[in-house]
Amino acid sequence: MKYFSLNNREHTSNFENAVVRGLAPDKGLYFPENIDKLPASFFNNIQNLDKTEISFEAIKSFVGNEISNSALIDIIDQTVDFEFPIVEINDRIGSLELFHGPTLAFKDVGARFMAGSLGYFIKKGNLGKITVLVATSGDTGGAVANGFLGVEGIDVVILYPKGKVSEIQEKQLTTLGKNITALEVKGTFDDCQVMVKKAFLDSDITNERKLTSANSINVARWLPQMFYYLFAYKQLQKMDKKLVFSVPSGNFGNICAGLMAREIGLPIDHFIASNNANDTITSYMETEEYKTKPSVATISNAMDVGDPSNFVRILKLFKHDHAYLKEKFSAYSFNDEKTKNSMREVYSETGYIMDPHGAVGYLGLQKFLQTNPDYYGTFLETAHPVKFLNTVEEAINNKVAIPDSIQSLMEKQKKSLQISNYEDLKGYLLS
Ligand SMILES: Cc1ncc(COP(=O)(O)O)c(C=O)c1O
Ligand SMILES: N[C@@H](CCOP(=O)(O)O)C(=O)O
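Here the structure is a predicted model, which is why all the values come from computation and not from measurement.

S.K.: How should the UniProt feature "domain: Threonine synthase N-terminal" (unreviewed entry) in the protein chain be read in this particular structure?
M.R.: The feature "domain: Threonine synthase N-terminal" (unreviewed entry), as given by UniProt, occupies residues 2-79 in the numbering adopted here. Spanning residues 2-79, this segment combines 46% helix with 18% strand, and its end C-alpha atoms are found 24 Å apart.

S.K.: Is there a simple way to think about the packing of aromatic side chains in this case?
M.R.: A ring pair, where both rings are aromatic, is described by two values, the distance of the centres and the angle of the planes. For the coordinates displayed, the defined rule picks out 23 aromatic pairs. With a centroid separation of 6.0 Å and 20° between ring planes, the pair formed by Phe245 and Phe271 is classed as stacked. Residue Phe245 is found in strand β10 (residues 242-248), and its partner Phe271 is found in strand β11 (residues 270-275); the two are separated by 26 residues along the sequence. For Phe245, a relative accessible area of 0% translates into the label buried. One aromatic cluster in this structure is built from Phe82, Phe84, Tyr228, Tyr229, Phe231, Phe245 and Phe271. Its guanidinium or amino end placed over the ring of Phe4, Arg9 lies 4.0 Å from that ring's centre, counting from NZ or CZ. It is Arg313 that lies over the ring of Trp222; its NZ or CZ is 4.0 Å from the centre.

S.K.: Explain empty space enclosed by the protein here, please?
M.R.: If a probe as big as a water molecule is rolled over the atoms, it shows which places are left empty. As enumerated under the stated definition, the model contains 2 cavities of 30 Å³ or more in all. The volume enclosed by the largest cavity comes to roughly 270 Å³. What lines the largest cavity is a set of 26 residues, and nearest its centre among them are Phe106, Lys107, Gly250, Asn251 and Ala302. Secondary-structure elements contributing two or more residues to the lining of the largest cavity are α6 (139-148) and α12 (253-263). A per-element tally of the lining of the largest cavity places α12 first, with 3 residues. In the lining of the largest cavity, the residues fall into 9 nonpolar, 14 polar and 3 charged. Approximately 40 Å³ is the volume attributed to the second largest cavity. Every residue lining the second largest cavity is listed: Ser249, Gly250, Phe252, Asn275, Asn276, Asn278, Thr280, Ile281, Met303, Val305 and Pro308. Residue classes in the lining of the second largest cavity are distributed as 5 nonpolar, 6 polar and no charged.

Conventions adopted
- Residues numbered from 1 in each chain as written.
- Chains lettered and ligands numbered in written order.
- Predicted model: local features only at pLDDT ≥ 70, side-chain atom pairs only at ≥ 80, totals over all residues.
- Heavy atoms only, no water.
- UniProt positions renumbered as here; feature names shortened; annotations may be inferred.
- Helix = DSSP H or I, 4+ residues; strand = E, 2+ residues; numbered from the N terminus.
- Phe/Tyr/Trp six-rings, centres within 6.5 Å; stacked < 30°, edge-to-face > 60°.
- Buried < 20%, exposed > 50% of the residue type's maximum accessible area, 1.4 Å probe, protein only.
- Lys NZ or Arg CZ within 6 Å of the ring centre and 35° of its normal.
- 1 Å grid on protein atoms, 1.4 Å probe; cavity = no way out; pocket = protein on both sides within 12 Å on 5 of 7 lines; lining within 4 Å.
- Points joined across faces, edges and corners; volume = space filled by probe spheres on them.
- Nonpolar A, V, L, I, M, F, W, Y, C, P; charged D, E, K, R; others polar.

Laid out in C-alpha cells, this is it:
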C-alpha cells in the first residue's frame, strides 16, 4: 500500500517505510492513497469470524504484501488476545470496554501491533537499531513500554509531562528498565509532542540515530485501532436503530481510526468526539477556524491536548467538506465537575464504575441522544477506573478493587531523567 504525506502529495512511501519513519520528511502525517471497501459479505458473515479474522480483513489492504499473511496473522493474534465487551448501561447506551489488555487502556492494541510490525521489518531487513520516540499524556507511554519491552533492535524513549499523569500511569512507563527510558518533561503533553516532532527533522540527531514515533501519527499505531470498532459492531449488529459511537478524544487518533473503519464500510452512522476542557476541536466545529489552545490540566489527563495531531487526517477523510463533516461528526466539551457528577450518577443508578475519560464519552453520548432518539449509542471506556484511583474513589464515594498486577507495580521503583527543553532531549539522544 502506498501512503502520501498530508503536507505534500509528492512525498510517498510504502507501509514499511511509513512505519520505520513515523512522520514524512516534510513533517506531514502519512495517509493511505487508496481506501478499499470491505465487501458486503464480510459484514453479513461477521458473526462467524473471530477477532483475528476480522482484524486481518480490515488491515490487510493497508499493509499490502509487505508482511506475509502468516506473519500478519501472528502479529494480530498477539495484538488482540484479550476481550472487548460491550456492557449495557441502559437500554440505549453501552460501554465498549477497551481496558482488558496488559496496561489497562485502549493503547495496548496499537502499541502491540506496531511493535510486531516494526519487529518484523527489523528481522527481515538490514535496518540497524531504531529509536522509538513517544510523547505521552498518560496511557500511550505505558502501552508502548509494555509492547516494545525487550524487542530486539529497538530502544524506546518516552517523554511525559511532569506531575500531569496519574501515579499508576507513571509507574507503568518508568519501572520497566531494559530498552525503555522515561524522560520527565517540565511542561505539557503538547510540549512533549512538539519536541518529538522536532527531533525527526533534526539532522544532527537523525544522522546518528534512526528515529520513529509510536504515537498515533505512526500508521502502524493508528490503523489497528479500527479493530475494536469492528468487534463492537459484531456485538451491535442485532440492534434495529442507527448506531453512534462517542469517543473520548485527546490527540484524535482513536476517533480517526473509527472514522477509517466507517470508510472501509462499517455501518456506523455518526461519531461524537467527547472532549474535556481542552476544546480546540469543539470550537473548530462551531467556527470552522482551527486555533490551537494551550492545554489545561483536567481529571481526564490523557486527553489534555491543545493541538491534536490527527485532526488533519479527519479533515482529509471528509475531503475538507465542512457540511459533510457536521452531518456525521459532532464534538462536545465537558468540565471536570460535570465529569465527576456523571461518574457519581451512573454509579449510583447502575453500579457501573466509569473512569474520567469514559465519563466524558458518556456525557457526549447522553447529550447527542437527547436530540437524536433514533440511535443506539456506545461510548468507549478507554481506560480501567483503577488507573485514576483517587479521582474515581472520590467521585463515587466508594473503594475500587485493585487488581494484583497493579499492587505489585506500585511497589516498583520509578526511574526517569528530568529534562526542561529541546536541547536537553537532543543532548540525551546524542549522548
Ligand atoms: C484513557 C484515554 N482516553 C482517551 C484518550 C484520547 O485518545 P486519542 O488521543 O486517540 O484521542 C487517551 C489518550 O490517548 C487515553 O489514554
Ligand atoms: N492520550 C495520549 C496522547 C498521545 O496520543 P497518541 O494516540 O497519539 O499516542 C496518551 O495517553 O499518551
